[in-house]
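Results of the structural survey
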Amino acid sequence: MTTAERQLLSGDDAVALAALHAGVRLGTGYPGTPSTEILETFDRLGGHAQWSPNEKVALEVALGVAFAGARTLVTMKHVGLNVAADPLFTAAYTDVEGGLVVVSADDPGMASSQNEQDNRHYSRAAAIPTLEPFDSQQAYDFTLLAFEISERWKIPVLLRLTTRVCHAKTIVVPRGPVAGVAEPRFEHKIPARVMIPAYAKPAHHRLRTKLAEIAAWNEAEGPIRIDAGDSTLGIVATGISAVHAREAAPEASHLTVGMTYPLPIERIRAFAAGVERLVVVEEGDPVLVEDLRAAGIQAEGKPEMYRFGELDVARVRRILAGDTSPEAVPPKGKPPELCQGCAHREVFQALRDLDCIVAGDIGCYTLGVLPPFSAMDTCVCMGASIGVGLGLRHALPEDQARRVVSVIGDSTFVHSGLTGIAEMVYNPPATGHLVMILDNGTTAMTGLQEHPGTGRLLDHSTTNKLSFEGIARAMGVQNVQVVETTDKSLSLKDLIAELLAKPETSLLITRQPCVLAAPKIRFYDKAAAESARGHTCSAAVAD
Amino acid sequence: MEKVKNIVIAGLGGQGVLTASDMLAEAAFRAGFDVKKSELHGMSQRGGSVSSDVRYGEQVLSPMVPAGEADVLLILEATQIEINRPMLRAGGVLIGPDLLPEGALKNKKSLNVALLGAVSTVLDIPQEHWMAAIYANLAEKLHKVNDQAFAVGREAALQGSIAQH
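A quick note: this is a predicted structure, and the numbers were derived from the prediction, not measured. (Residues numbered from 1 in each chain as written. Chains lettered and ligands numbered in written order. Predicted model: local features only at pLDDT ≥ 70, side-chain atom pairs only at ≥ 80, totals over all residues.)

Observations concerning the overall build of chain A
- Helix and strand content of chain A: 22 helices and 18 strands.
- Taken across its 543 residues, chain A has 53% of its residues classed as buried.
- Counted over contacts in chain A with a minimum sequence separation of 6, partners at least 24 positions apart contribute 75%. (Helix = DSSP H or I, 4+ residues; strand = E, 2+ residues; numbered from the N terminus. Buried ≥ 20, exposed ≤ 12 C-beta atoms within 10 Å, placed from the backbone. Contact = placed C-beta atoms within 7 Å.)

And the structure:
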């Protein structure tokens, strides 16, 4: 894959290939559509990639790699950057030694997400230089460029992708491995890395100086594409919107911005001066248009209705025509559902039969909200099931409080559930509480990734395994039970009812492998057993 | 500039929609065209509606086929025809699962490849690139059955009438 001249690659695969060519020492992340394939491909190509418990830890590990002087890539979906925001904002103050590139894969239109937040706001809020590719070639080129910028200015760089860049396949001509990537080596650089106020104050000034220099670089030689056309209409666009715009208005003049923070504002001003009408075409929030207006450039944005959902060629045509008439509603397809044979089905059946108030979480099991179960009452973010469930218990009258259950998946529990359990033990509601971990042995919704509870690494080889029941007992949860959902001698409904009746804290783990993952898990287990036997034999021979 | 060819493939999760679009995109890629392929596949394995866009030509810009501009609409599941019909342009070609005679396939899982055989009769991609693209996306033990499926679909399209809409 690394030598062919011309390849058909998804944006995710292109980022992975570029990471390999850039000499990335370690890739970290947490699975999340549409970013998941980046680390999987990086691993398949021979790179070293790891799933972390969550995005915050992934970014912190990467920051350590960068302080060690090696190149590192961190991948996550847009909401993952909320989790990683704490290290991100202060990492920006530090001097990274090896290149640190953070990939945020946004999901405008919410193909598989709980919101459509626009992470270009993070570029501005955290002061992180940001590159936005419009196809796989740019995803490849901008990944390499991001490492150069990161190391030249010792600053983390954000590579902001969107669903249609991540998952669209387009043609890439790779450049091959980069020469002269530095070897890791530790040097004490205390004021550049220890963010106590005495060091952070000058660090903030340094950050603003870096950004001013990067803005000047972007003005002089940043990745800007100009397609000169008719001077009656000029379009400024970024990311996937740029190719929609070029198709929607082939006769117009187009300026496509590659580095969208800090902006090459003078080059945009010069472009604006050469056209009669300037329109900014951007998906999501009016970020770019507001920046241009703040700089005194007269630019038209899009009507408010186009803030919602993805853009496409037809919608860009409507934006350019100022058309705000109602859009045709696309016919509804068949919604996804819990697979036949999925153990989650029995859980939601029982919760529905018991008329429970269910604080839900993020994963396949969120589909329990749909008919025929309709057995989920809240779903906000990773781990929220536990806190929200406790809040409901604290506030509701006793007869309702007793019916509240928090439902969370295994991967989500590791990601953000542990602190929720600490809260439950520390501030137990008067009626107690019941948390259920629906443990299907994989991160199912994103495509069957491993996590610290599976006992397998990103490449499915064996590692240490977290014990959820052991953790809960150690933390002081009063009742900890584990059931196999396939155990027909047991009534799940009765067990839940029994735990709900106790004014105590309870954790119930229902365990059955995901039906899609089960054959693969059997294969990994067999491979691990054979490998263990192999080691025993060779050890015996060695003895 | 030559007009871009637009193909939309649709069906239900698990039917091989995405594999079929990978094969089509790869065939066009091998034939030397610019190609873009796009879909939403976050929930594709959970039995819901799935569709994928493939565009090829001298230069492709947006990776998404605009509604009403598909030259070919390939449908793997009859219930998905109506919800995808707005994608088809006037005079475009609709190829559905009913094109194949009952029991024509040795393995029902090769429906996607059989219908690609039908699609191959209306696109300007040489046959050798089709076969190479199909093989590249399947395990070797599946090559033979899919060879036959492709031929069955191609033959059905050449014999029968493909509906122009």
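Details of the overall build of chain B
- The number of helices and strands found in chain B is five helices and six strands.
- Secondary structure of chain B in N-to-C order comes out as β-α-β-β-β-α-β-α-α-α-β.
- Taken over the C-alpha trace, chain B has a radius of gyration of 14 Å; the compact-globule value for 165 residues is 15 Å, and the two agree within 12%.
- Expressed as lengths along the three principal axes of its C-alpha atoms, the size of chain B is roughly 40 × 35 × 35 Å.
- By the burial criterion, 53% of the 165 residues in chain B qualify as buried.
- By sequence separation, contacts in chain B at least 24 residues apart represent 68% of the contacts at least 6 residues apart. (Rg over C-alpha atoms; globule rule 2.2 N^0.38 Å.)

Structural notes on the confidence of the model for chain B
Residues and elements named next belong to chain B.
- When pLDDT is averaged along chain B, the result is 92; 93% of the residues meet or exceed 70.
- Looking across chain B, the model is least confident in strand β6 (residues 163-164), with a mean pLDDT of 60, and most confident in strand β4 (residues 70-75), with 98.
- At the level of chain-chain contacts, confidence expressed as ipTM amounts to 0.94, with global pTM at 0.96. (pLDDT = per-residue confidence, 0-100.)

So, the interface of chain A and chain B
- The interface is formed by 26 residues belonging to chain A together with 28 residues belonging to chain B.
- Among the secondary structure elements, those contributing two or more residues to the side of chain A that touches chain B are α8 (163-166), β8 (169-172), α11 (240-248) and α14 (313-321) of chain A.
- With four residues, α11(A) is the largest single contributor of residues to the side of chain A that touches chain B.
- Broken down by class, the residue content of the side of chain A that touches chain B amounts to twelve nonpolar, seven polar and seven charged.
- The sheet contact formed by β8(A) and strand β2 (residues 34-39) of chain B spans two bridges and is antiparallel. Looking at the pairing, Thr170(A) lines up with Lys36(B) of β2(B). (Nonpolar A, V, L, I, M, F, W, Y, C, P; charged D, E, K, R; others polar. Pairing = 2+ DSSP bridges.)

Describing the sheet that holds strand β17 (residues 479-484) of chain A
Residue and element names in this part refer to chain A.
- Spatially, β14-β15-β16-β18-β17 is the arrangement adopted by the five strands of the open sheet, whose pairing is parallel. Each edge of the open sheet carries a strand with a single partner, namely β14 (357-359) and β17. Neighbouring strand axes in the sheet, compared pairwise and without regard to direction, differ in orientation by 25° on average.
- As judged from the three bridges shared by β14 and strand β15 (residues 404-409), these two strands associate in the parallel manner. Opposite Ala359, over in β15, you have Ser406 as the bridge partner. (Axes fitted to C-alpha atoms, helices over the stretch in contact; angles between N-to-C directions.)

Digging into the domain arrangement of chain A
- For chain A, the domain assignment lists domain 1 (7-221), domain 2 (224-321) and domain 3 (344-526).
- The centre of domain 2 of chain A, based on its C-alpha atoms, is set 46 Å off from the matching centre of domain 3 of chain A. (Domains from an automatic or database assignment.)

Re the sheet that holds strand β10 (residues 230-238) of chain A
Residue and element names in this part refer to chain A.
- Pairing in this open sheet of four strands is mixed, and the strands run β9-β11-β10-β13 from one edge to the other. Edge positions in the open sheet fall to β9 (224-227) and β13 (277-281), since each of these has one partner strand only. The sheet shows a mean angle of 15° between the axes of neighbouring strands, direction not considered.
- Where β10 meets β13, five bridges bridge the pair, whose relative direction is parallel. Paired with Ile235 across the strands is Val279, a residue of β13.
- Against the sheet, α11 touches β9, β10, β11 (252-257) and β13, its axis set at about 155° to β10.

Let's talk about the confidence of the model for chain A
- Taken as a whole, chain A shows an average pLDDT of 95; of its residues, 98% reach a score of 70 or greater.
- The model gives residues 537-543 of chain A a pLDDT under 50, and that stretch makes zero contacts with residues more than four places away or in other chains.

Section: the pairing of strand β4 (residues 72-77) of chain A
All names here are of chain A.
- By the criterion of burial, β4 is predominantly enclosed, with six of the six residues buried.
- Here β4 shows a buried face lined by Thr72, Val74 and Met76 and a second buried face lined by Leu73, Thr75 and Lys77.
- Pairing of β4 with strand β5 (residues 100-106) involves six bridges; the strand directions are parallel. For Val74, the partnering residue across the bridge sits in β5 and is Val102.

Points about the packing of helix α3 (residues 111-119) of chain B against helix α5 (residues 143-159) of chain B
Residue and element names in this part refer to chain B.
- At a minimum axis separation of 6 Å, α3 and α5 run at an interaxial angle of 40°. The pairing of α3 with α5 is recorded here as oblique in orientation. The way α3 lies across α5 gives a crossing that is right-handed. Here Val113, Ala114, Leu115, Leu116, Gly117 and Ala118 of α3 lie close against α5, whose contacting residues are Asn146, Ala149, Phe150, Ala151, Val152, Gly153, Arg154, Ala156 and Ala157.
- Considered class by class, the residues forming the contact of α3 with α5 number eleven nonpolar, three polar and one charged. (Parallel < 35°, antiparallel > 145°, perpendicular 65-115°, else oblique. Left-handed = near helix turned anticlockwise from the far one by under 90°.)

Some thoughts on the environment of Leu161(A)
All names here are of chain A.
- Summarising the element assignment, Leu161 is placed in strand β7 (residues 157-162).
- Overall, Leu161 belongs to the buried group, with 31 C-beta atoms counted inside 10 Å.
- Sequence separation between Leu161 and Gly11 is 150 residues; the distance between their C-alpha atoms is 8.3 Å.
- With sequence-adjacent residues up to four places away left out, Leu161 is seen in contact with Gly11, Val103, Ala105, Asp106, Pro133, Ala139 and Cys166.

Observations concerning the environment of Ala68(A)
Residue and element names in this part refer to chain A.
- Within the fold, Ala68 resides in the loop between α3 (55-67) and β4.
- You can call Ala68 partly exposed: it has 17 C-beta atoms within 10 Å.
- What Ala68 contacts, discounting residues up to four positions off in sequence, is Gly98, Pro184 and Phe186.

Let's talk about unusual backbone geometry
Residue and element names in this part refer to chain A.
- Geometrically, the link from Tyr261 to Pro262 is a cis peptide bond, its omega value of -10° lying close to zero.
- Structurally, Pro262 is set in the loop between β12 (259-261) and α12 (265-273).
- Backbone torsion omega between Pro371 and Pro372 reads 10°, so that peptide bond is classified as cis.
- Summarising the element assignment, Pro372 is placed in the loop between β14 and α16 (384-395).
- Residue Leu448 is not a glycine yet carries a positive backbone phi of 70°.
- If you trace the backbone, Leu448 turns up in the loop between β16 (433-439) and α20 (468-475).
- Phi at His460 takes a positive value of approximately 75°, unusual for a residue other than glycine.
- Among the secondary structure elements, His460 is positioned in the loop between β16 and α20.
- Residue class for His460 comes out partly exposed when judged on the 17 C-beta atoms lying within 10 Å of it.

Side note on helix α1 (residues 11-21) of chain A
All names here are of chain A.
- Here α1 lies mainly inside the structure; eleven of its eleven residues are buried.
- Inspection of α1 places Gly11, Asp12, Asp13, Ala14, Val15, Ala16, Leu17, Ala18, Ala19, Leu20 and His21 among the buried residues, and these make up the whole buried set.
- Backbone geometry just downstream of α1 places Gly23 in the positive-phi region, at approximately 80°.

A short note on helix α15 (residues 344-353) of chain A
All names here are of chain A.
- Of the positions making up α15, those classed as buried are His344, Val347, Phe348, Ala350 and Leu351. Considered in projection along α15, the buried side chains sweep an arc of 160° and stay on one side of the axis.
- Its buried side turned inward, α15 meets β14, β15, β16, α21 (492-501) and β18 (505-511).
- The positive-phi residue at the C-terminal boundary of α15 is Asp355, with phi of around 55°. (Arc of directions from axis to C-beta.)

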